[in-house]
Every structure is written in structure tokens, then in C-alpha cells.
Amino acid sequence: MDVWTKLISLGIFTLLITACNAEPEVTVDSQLTDGDAAAIELTTQVDGVFKGYVGEDQNSIIIESEGQENTYEIAEDARGDFDKLQLNDPIAYSTKMVDGKEMIETLRLN
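Rules and cut-offs
Residues numbered from 1 in each chain as written. Predicted model: local features only at pLDDT ≥ 70, side-chain atom pairs only at ≥ 80, totals over all residues. Heavy atoms only, no water. Helix = DSSP H or I, 4+ residues; strand = E, 2+ residues; numbered from the N terminus. Buried < 20%, exposed > 50% of the residue type's maximum accessible area, 1.4 Å probe, protein only. Core = buried A, V, L, I, M, F, W, Y, C linked by side-chain atoms within 4.5 Å. Contact = heavy atoms within 4.5 Å. Lys, Arg positive; Asp, Glu negative; His and termini not counted. Salt bridge = Lys/Arg side-chain N within 4 Å of Asp/Glu carboxyl O.

1. Concerning unusual backbone geometry
(1) Moving on: A positive phi angle, close to 70°, is found at N88, a residue other than glycine.
(2) Moving on: Of note, N88 is situated in the loop between strand 3 (68-80) and strand 4 (90-98).
(3) Moving on: For N88, a relative accessible area of 46% corresponds to the partly exposed category.
(4) Moving on: Its identity as a non-glycine residue notwithstanding, D99 has a phi of 50°, on the positive side.
(5) Moving on: Here D99 shows up in the loop between strand 4 and strand 5 (101-109).
(6) Moving on: Residue classification places D99 among the exposed positions, given a relative accessible area of 78%.

2. Some points on the nonpolar core
If you look at soluble globular proteins, the nonpolar side chains tend to sit buried side by side.
(1) Moving on: Among the nonpolar cores identified, the biggest contains 14 residues, and I61, I63, I104 and L107 are the most heavily contacted of them.
(2) Moving on: For this core, the elements supplying multiple residues, two or more each, are strand 2 (60-65), strand 3, strand 4 and strand 5.
(3) Moving on: It is strand 3 that provides the largest number of residues to this core, a total of four residues.
(4) Moving on: The residues touching I63, leaving out its near neighbours within four places in the chain, are G48, V49, Q68, E69, N70, Y72, I91, Y93, I104 and L107.

3. As for the side chain of D81
(1) Moving on: Along the chain, the position of D81 falls in the loop between strand 3 and strand 4.
(2) Moving on: An unpaired buried charge is present at D81: no salt bridge exists, and K84, the closest side chain of opposite charge, is 4.0 Å distant.
(3) Moving on: Among residues more than four places away in sequence, those in contact with D81 are L107, R108 and L109.

4. Concerning the pattern of salt bridges
(1) Moving on: Scanning the entire structure with this criterion turns up three salt bridges.
(2) Moving on: Between E73 and K101 there is a salt bridge, and its shortest N-O distance comes to 3.1 Å. Taken together, the residues E73 in strand 3 and K101 in strand 5 connect sequence positions 28 residues apart.
(3) Moving on: Exposure remark for E73: the relative accessible area of 31% places this residue in the partly exposed category.
(4) Moving on: In this structure, D77 and K96 form a salt bridge, with 2.9 Å as the shortest nitrogen-oxygen distance. Highlighted residues: D77 in strand 3 and K96 in strand 4, separated in sequence by 19 residues.
(5) Moving on: With a relative accessible area of 46%, D77 lands in the partly exposed category.
(6) Moving on: Taking relative accessible area as the criterion, K96 reaches 22% and is therefore assigned partly exposed.

Given below as C-alpha cells:
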């Protein structure tokens, strides 16, 4: 092989090695929005007993937990068995803070 063939082969080999070892640039979007899987926060389920709704619009719920009755507003995006609830049903629920208020996030029958 002549010198030029060796240099061209070495150049191609160098380019291939460089391309294989290059790390892709990763950009992280730190802005989380509703519906993003990364925006999901884990919650703790609390056991309680359904004691009824407050008012005609049923936007608030009374739950007995650890011997105390607490009233919570139901968040707009709350999910659960709200349509199946009956007085004194055992439930598990989670809450979240919305505009400084603790609101029901999830509720299910036990």
C-alpha cells in the first residue's frame, strides 16, 4: 500500500471511531405540565370512612379518619369511586394542596 492509501484509511478509521464515541447532547425540559408522566407525584393512601357530602353541589366531602371528621373539597381532576359512595363506606383516599387548600385527589372504596 502506498502512503496515501494508508493516510486515507487512517482518516476514515479516525472518523468512524470519533462518530461512535460521540455523546448525543441531551436537553432537559424542566417545565412540568399536567399530564406529563414526569409530573406525577406519588401519594399516600389514607384509610377512612365516608360520612357524606357537604351542600347541594357535593363539591366537598366529609371523611372520618383516625377518630376525627375532616371536610375536604374535591379537586377538579379528582378520580375515584365518587358515584358509588354510600354513607359509612370504608374508603382509601389521597389529598393534594391546591391554592393553599388540602383537597381530595383520589378516592376509592375499600
